[in-house]
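Coordinate inspection notes
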Amino acid sequence: MNTTTRLLMIALLSMPLLAACQKEEAPAEDTTAVAAPLTRPATNDDAEWGAYLSDVVTRNMGEITRSPYLYYLPGSDSAGFEGARARLQEEVEIAMQRGIVEGNLIAFGSPESAMMADIIVSAFAKVDPGSMDGVRVLFIGDAADNERVEAAVAPAGVAYQFIEAK
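Report on the accompanying structure. (Residues numbered from 1 in each chain as written. Predicted model: local features only at pLDDT ≥ 70, side-chain atom pairs only at ≥ 80, totals over all residues. Heavy atoms only, no water.)

**Quick notes on the overall build of the protein**
Along its length, the protein carries 5 helices and 4 strands. For the protein, the sequential pattern of α-helices and β-strands runs α-α-β-α-β-α-β-α-β. Buried residues in the protein amount to 42% of all 166 residues. For the protein, the exposed surface amounts to about 9200 Å²; the carbon and sulfur share of it is 54%. (Helix = DSSP H or I, 4+ residues; strand = E, 2+ residues; numbered from the N terminus. Buried < 20%, exposed > 50% of the residue type's maximum accessible area, 1.4 Å probe, protein only. Areas by Shrake-Rupley, 256 points an atom, 1.4 Å probe, with all protein chains shown as cover.)

**Topic: the pattern of salt bridges**
Charged atoms that come close allow side chains of opposite charge to pair. Inspection of the entire model under this criterion finds 6 salt bridges. Notably, a salt bridge pairs K126 with E93, separated by 3.1 Å at the nearest N-O pair. Pair noted here: K126 is in the loop between helix 4 (113-124) and strand 3 (136-141) and E93 is in helix 3 (residues 81-98), with a separation of 33 residues, a long-range link. Ionic pairing is found between R148 and D145, a salt bridge with its closest N-O pair at 3.6 Å. Note that R148 and D145 are positioned in helix 5 (residues 143-153) at a spacing of 3 residues, about one turn of the helix. With a relative accessible area of 7%, D145 lands in the buried category. Shared partners join several salt bridges into a network, and the residues in it are D118, D145 and R148. (Salt bridge = Lys/Arg side-chain N within 4 Å of Asp/Glu carboxyl O.)

Below, the structure written as structure tokens:
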């Protein structure tokens, strides 16, 4: 993994942890403005995608209180893409075979939705049925890839959520 990707992953994974550490303050009023959701980046810039995916994951944490596992595949026009794709595929397959503990969220997102879907399908093909009960899987991608990802993760017993990247 190159340095930029590592730094991006650290930043993405630390944001929910930092947010959880903040002291809760009583809201001054109910008229507090809520930031509008970010939109899908128009480019394959890693920083823009990092901010976008972090926003989507944070908004969809629900009852999850643990830091999520976020897997990101950079755009195919980035330097060293094939190596990054192969490493990510191996990393996801190992993590899914090892298993994820109940109460965790696994999020997948990429400007290359079809390739990320291929990685998810491949990784979950090796997961034992029912072995991930209580785990949430969030796929942020194109609607065209939703059905095959959902079909691939369903046997593991996860709670699946699709967010269309738009």
